[in-house]
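Fold and contact review
Single-letter residue listing:
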Amino acid sequence: MSCSDTSRPAKQRNFLSRSSTSIESCRTSVLTNEQFIDLCILMGCDYCATIKGIGPKRAIDLIKQHGSIEEILENIDPNKHPAPEDWLYKEARGLFLKPEVVDCSTVDLKWNEPDEDALIQVHV
């Protein structure tokens with residue numbers, strides 16, 4: 001996603017491998033970058049929790065039908081599919097849309113020999 005042109009809709013193909021129906025559902029889907037990000041958030045990302053009871057197939061269907069997480073939240077049964085309390089989906093979306101990027105020419109990396117004792121302590 002970070003290498004894509006965010007000004008044009010993204011065409012996703014076969015990005016799910018677990019379910020052939022999910023793959024088929026996404027095979028010809030054209031989503032905006034924002035919709036694709038919302039889909040990723042619904043399916044699970046490192047930045048926030050997910051809505052209980054919504055897996056990949058349902059997430060795809062909901063994004064196709066409603067277009068955004070806000071619209072989905074207004075149209076799903078909160079008793080059947082409760083959103084996490086204090087759900088940080090907007091913050092997660094912001095991290096995807098405007099990631100903090102450092103100019104690599106300003107970073108001075110120094111390569112040293114690994115501290116094997118410290119690594120062993122961390123992994124034991």
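Quantities reported herein were computed from a predicted structural model and do not represent experimental measurements. (Residues numbered from 1 in each chain as written. Predicted model: local features only at pLDDT ≥ 70, side-chain atom pairs only at ≥ 80, totals over all residues. Heavy atoms only, no water.)

Now for unusual backbone geometry. Non-glycine residue Asp86 carries a positive phi angle of around 55°. Within the secondary structure layout, Asp86 lies in the loop between helix H4 (69–75) and helix H5 (89–97). Taking the relative accessible area as the measure of exposure, Asp86 reaches 66% and is therefore exposed. (Helix = DSSP H or I, 4+ residues; strand = E, 2+ residues; numbered from the N terminus. Buried < 20%, exposed > 50% of the residue type's maximum accessible area, 1.4 Å probe, protein only.)

Moving on, we come to the packing of aromatic side chains. Tallying each qualifying case throughout the model produces two aromatic pairs. Plain terms: the ring middles of Tyr47 and Phe96 are 5.3 Å apart, the flat faces sit at 70° to each other, and that makes the pair edge-to-face. Residue Tyr47 is found in the loop between helix H2 (33–43) and helix H3 (56–66), and its partner Phe96 is found in helix H5; the two are separated by 49 residues along the sequence. Look at Tyr47 and you get partly exposed, because its relative accessible area is 44%. Since its relative accessible area comes to 24%, Phe96 is described here as partly exposed. (Phe/Tyr/Trp six-rings, centres within 6.5 Å; stacked < 30°, edge-to-face > 60°.)

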